[in-house]
Amino acid sequence: MDFASRSTTTSAVHLPRWQGLAALAFGIAVVFAAGFASPAALHNATHDTRHAFGLPCH
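Given the structure is predicted, the values throughout are model-derived calculations rather than measurements.

Visitor: How would you explain the overall build of the chain if you had to name every residue and give the values?
Guide: Helix and strand counts for the chain come out as two helices and zero strands. The buried share of the chain, taken over its 58 residues, is 2%.

Here it is in structure tokens:
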């Protein structure tokens, strides 16, 4: 089998439009929630997340 006789195929993932819009809405909600949250609340949330993943902190 030589190089010229091989067929190349590409595959793409086609998601329904609502899934993309839902992901976009979720991302915007996270950004706004982080923007309007108090610094202590953000610190505590990220600190707890670090502990949940077993990452070092402080």
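Still more to cover.
Visitor: Hey, could you go over helix 2 (residues 39–53) for me, with residue numbers and the actual values?
Guide: Taking 1.5 Å as the rise per residue, helix 2 with 15 residues should run 21 Å; its terminal C-alpha atoms sit 21 Å apart, in good agreement. One or two steps after helix 2, the chain reaches Gly54, where phi turns positive at roughly 75°.

Visitor: Describe a nonpolar patch on the surface, naming the residues involved and giving the relevant values.
Guide: On the surface, a nonpolar cluster with roughly 580 Å² of combined accessible area is contributed by Leu21, Leu24, Ile28, Phe32 and Phe36. Along the chain, Leu24 turns up in helix 1 (residues 17–36).

Cut-offs used in this document
- Residues numbered from 1 in each chain as written.
- Predicted model: local features only at pLDDT ≥ 70, side-chain atom pairs only at ≥ 80, totals over all residues.
- Heavy atoms only, no water.
- Helix = DSSP H or I, 4+ residues; strand = E, 2+ residues; numbered from the N terminus.
- Buried < 20%, exposed > 50% of the residue type's maximum accessible area, 1.4 Å probe, protein only.
- Expected span 1.5 Å × (residues − 1).
- Patch = residues over 30% accessible without salt bridge, like charges linked within 9 Å, V, L, I, M, F, W, Y side chains within 5 Å.
- Areas by Shrake-Rupley, 256 points an atom, 1.4 Å probe, with all protein chains shown as cover.
- Salt bridge = Lys/Arg side-chain N within 4 Å of Asp/Glu carboxyl O.

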